[in-house]
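# Results of the structural survey
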Amino acid sequence: MLAQLIVSGLALGSVYALLGLALVLIHKATDIVNFAQGEMAMFMTFVAFVMITQLELPLPLVFVVAPLLGAALAAVTERIVMRPISDGPPVNALIVTIGLWIVFNHTAGWIWGYDPYRFPSLFPADPVEIVGARISPNSLGIIAVALAVMAGLYVFFEYTREGTAMRAASMNRRAAQLMGVNIKRVAFLSWTLAGGVGTVCGLLVAPIIFLDFEMMVSVLLKAFAGAILGGFNSLPGAVIGCMLIGIAETFFGGYVSTAFKDTFAFLVIVLVLMFRPSGLFSRTAVKKV
Amino acid sequence: MLECVDLTARYGGIQALAGVNLTVAAGEVVCLLGANGAGKSTLLGAITSSAPARIGGVIRFQGQEITGWSTEAIVRAGIALVPEGRQLFPELTVEENLRMGAYLRRDRDAIAHDLESMFELFPRLRERRGQIAATLSGGEQQMVAIGRALMSRPKLLLLDEPSLGLAPLLVREIMSLIRTINAKGTTVLLVEQNAHQALQVSDRGYVIEKGRIVGAGSAAQLLSDPQIVNAYLGGATT
């Protein structure tokens, strides 16, 4: 039971971590929290569903194409909606992302209806026996895909010129500008990356909880909780925070009750913001100049 | 090389620059002296298009008008600023900070070569190349800030109070470094409160007060001007 719970907790945590990464990516670059992140992922998962059921594309291909389209959708959204208001106060942009939430949510409902659909999984569902524990290959698959995405992000941010510039810009925007970094381009790239990563999250979570127009709401809440645990400004922090949320949720559901899953995430958000607003792992609060 | 004509800058209702005329010829070291809030940093911000102020007047660089250009275009044209308070990327390593200075360059081999020459100019940074910038001492941070600006291979280097917060010995080291950089062919505009040290390494100087140029001349002239001596050199300390 213990090993099973840990693996499914990590799988759930991986899903949250992908959305948490998307949130933190945009926040680091723009100081904006994109409340529409979950709904954009939901929207793209519906698009992926169309590719599978109507265009009859093979599932692995959809897993490549849909995130690219998700990145493109986010890129276009940034250009058309966010860029024109990027010089205004951040709270305006925040409200606009809430508006985007509603737009994507209603558009999806309008196009695809309000019924849940069964979404195919990339991995087999029947549990396999691994050293005495019955582990679901789906869980292992989710963890593997999430790790691959994280490794990709790590390489991008640590070893490429553009990735380093994005890190630099999140540390000191004016200095980055003085190096010739285009801050608007950094925002654009962050949205694009976040759009792709968020879509992967949607594709991984849909087989577990069914595809419907509200499927990402609770995922977004958990991703928030995890990202806040990690300080909301650190990509590794968000991953660890979301993993903790996933494990805690699974254990709570396994041993106590599944009735309070969402309440639990909200409790985490409130407690962290009250007692440790800079996250669990912050060494010192770095003051922004 | 650099020419500011009737340059004005406003932050909301506050006039930070009120018609500044200033030139820097190729090969010179020119210093701009003035007290806190006189408009020195605003001037450098205006030149690099990085001050959040409303700018008026004309700025020309190498004969081309650059007023209103983006910071990116200005850096590309060959101007680099070492901002006040270093403004390093605190969580990046020394080497990453230096490489960020070459962000707009694509010549990988030449960048590697320039990185090497930075380590020759600042041997202490070589030992610390993998260290996070936030853990460096003030003097080392200033070296990284200067090195980072040089990594863009600027024709004109702007320095905003490089001596601020440094021990006297380090101040002298930074000032002699400015001479070295200049000798290698980079034109320098140095903004300082530390007038005495700045004039020692400069060919010419300007004095700015409340957003207006109130004095100009060769370093020797300014050093012997009793008014300048009284206002900025703390009386007769020469």
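With 21 residues of chain A in contact, the opposing surface of chain B contributes 21 residues. The junction of chain A with chain B conceals about 1,900 Å² of combined surface from both sides, 59% of it contributed by carbon and sulfur atoms. The largest contributions to the chain A side of the interface with chain B come from Arg161(A), Leu178(A) and Met179(A), which together make up 36% of the buried area. Across the contact surface, chain A and chain B share 1 salt bridge. Its salt-bridge partner being Arg167(A), residue Glu96(B) comes within 2.8 Å of it at the nearest N-O pair. Looking at the side of chain A that touches chain B, the elements with two or more residues in it are α6 (161-171) and α7 (173-178) of chain A. The element best represented in the side of chain A that touches chain B is α6(A), accounting for 7 residues. Taken together, the residues that form the side of chain A that touches chain B break down as 9 nonpolar, 5 polar and 7 charged.

The subject of this paragraph is the sheet that holds strand β8 (residues 187-192) of chain B. All names here are of chain B. Within the open sheet, the 6 strands sit side by side as β6-β7-β8-β3-β9-β10. Their pairing is mixed. Pairing within the sheet leaves two strands with one partner each, and these edge strands are β6 (79-82) and β10 (212-218). Across the sheet, the mean angle from the axis of one strand to that of its neighbour is 15°, orientation sign disregarded. Pairing of strand β3 (residues 29-33) with β8, which is carried by 5 bridges, proceeds in the parallel orientation. Bridged to Leu 33 within β8 is Glu 192. Sitting on the sheet, helix α6 (residues 138-150) is in contact with β6 and β7 (156-160), with an inclination near 170° to β6.

Detailed reading of predicted coordinates is not advised where the pLDDT is low. The predicted model of chain A averages 90 in pLDDT, with 97% of residues at 70 or higher. A low-confidence stretch, residues 285-289 of chain A stays under pLDDT 50, and its non-local contacts, those more than four residues away or across chains, total 4 contacts.

Residue and element names in this part refer to chain B. Taken together, the 4 strands give an open sheet; going across it, the order is β2-β1-β4-β5, and neighbouring strands pair in antiparallel fashion. Strands with a single pairing partner mark the edges of an open sheet, and in this sheet they are β2 (14-24) and β5 (64-65). Helix-sheet contacts for helix α1 (residues 40-47) involve β1 (2-11), β2 and β4 (54-61), and the interaxial angle to β1 is about 110°.

Another aspect to go through is the side chain of Thr45(A). Relative to the assigned elements, Thr45(A) resides in helix α2 (residues 37-53). With residues near it in sequence (within four places) discarded, Thr45(A) still touches Phe119(A), Gly202(A), Leu203(A), Ala206(A), Leu211(A) and Met215(A).

Moving on, we come to the pairing of strand β9 (residues 204-209) of chain B. Successive side chains on a regular strand alternate, one facing one side of the sheet and the next facing the other. Residue and element names in this part refer to chain B. Across 4 bridges, β3 lies against β9 in parallel orientation. Bridged to Leu 32 within β9 is Tyr 206. Where β9 and β10 come together, 6 bridges link them in antiparallel fashion. Within β10, the residue paired with Gly 205 across the bridge is Gly 217. If you look at the hairpin formed by β9 and β10, you'll find 2 residues sitting between the two strands, and Lys 210 has a positive phi there, around 45°.

Residues and elements named next belong to chain A. Here helix α9 (residues 215-229) contains 15 residues, and its C-alpha end-to-end distance of 23 Å stays within 8% of the 21 Å for a straight helix at 1.5 Å per residue. Burial runs high along α9: 12 of the 15 residues are buried. Inspection of α9 places Met 215, Met 216, Val 219, Leu 220, Lys 222, Ala 223, Phe 224, Ala 225, Gly 226, Ala 227, Ile 228 and Leu 229 among the buried residues, and these make up the whole buried set. Looking at the buried positions of α9, the neighbouring elements they touch are α1 (2-30), α2, α4 (90-112), α8 (183-209), α10 (235-255) and α11 (261-275). Once α9 finishes, Gly 231 follows within two positions and takes phi at roughly 95°, a positive value.

Glancing now at unusual backbone geometry. Residue and element names in this part refer to chain B. One non-glycine residue, Gln 62, lies in positive phi territory at about 50°. Mapped onto the elements, Gln 62 comes out in the loop between β4 and β5. On the basis of relative accessible area, Gln 62 is assigned to the partly exposed category, the value being 45%. With a phi close to 55°, Gln 87 is a non-glycine residue in the positive phi region. Note on placement: Gln 87 falls in the loop between β6 and α3 (94-101).

Parameters at a glance
- Residues numbered from 1 in each chain as written.
- Chains lettered and ligands numbered in written order.
- Predicted model: local features only at pLDDT ≥ 70, side-chain atom pairs only at ≥ 80, totals over all residues.
- Heavy atoms only, no water.
- Contact = heavy atoms within 4.5 Å.
- Buried area = accessible area lost by both parts, 1.4 Å probe.
- Salt bridge = Lys/Arg side-chain N within 4 Å of Asp/Glu carboxyl O.
- Helix = DSSP H or I, 4+ residues; strand = E, 2+ residues; numbered from the N terminus.
- Nonpolar A, V, L, I, M, F, W, Y, C, P; charged D, E, K, R; others polar.
- Pairing = 2+ DSSP bridges.
- Axes fitted to C-alpha atoms, helices over the stretch in contact; angles between N-to-C directions.
- pLDDT = per-residue confidence, 0-100.
- Expected span 1.5 Å × (residues − 1).
- Buried < 20%, exposed > 50% of the residue type's maximum accessible area, 1.4 Å probe, protein only.

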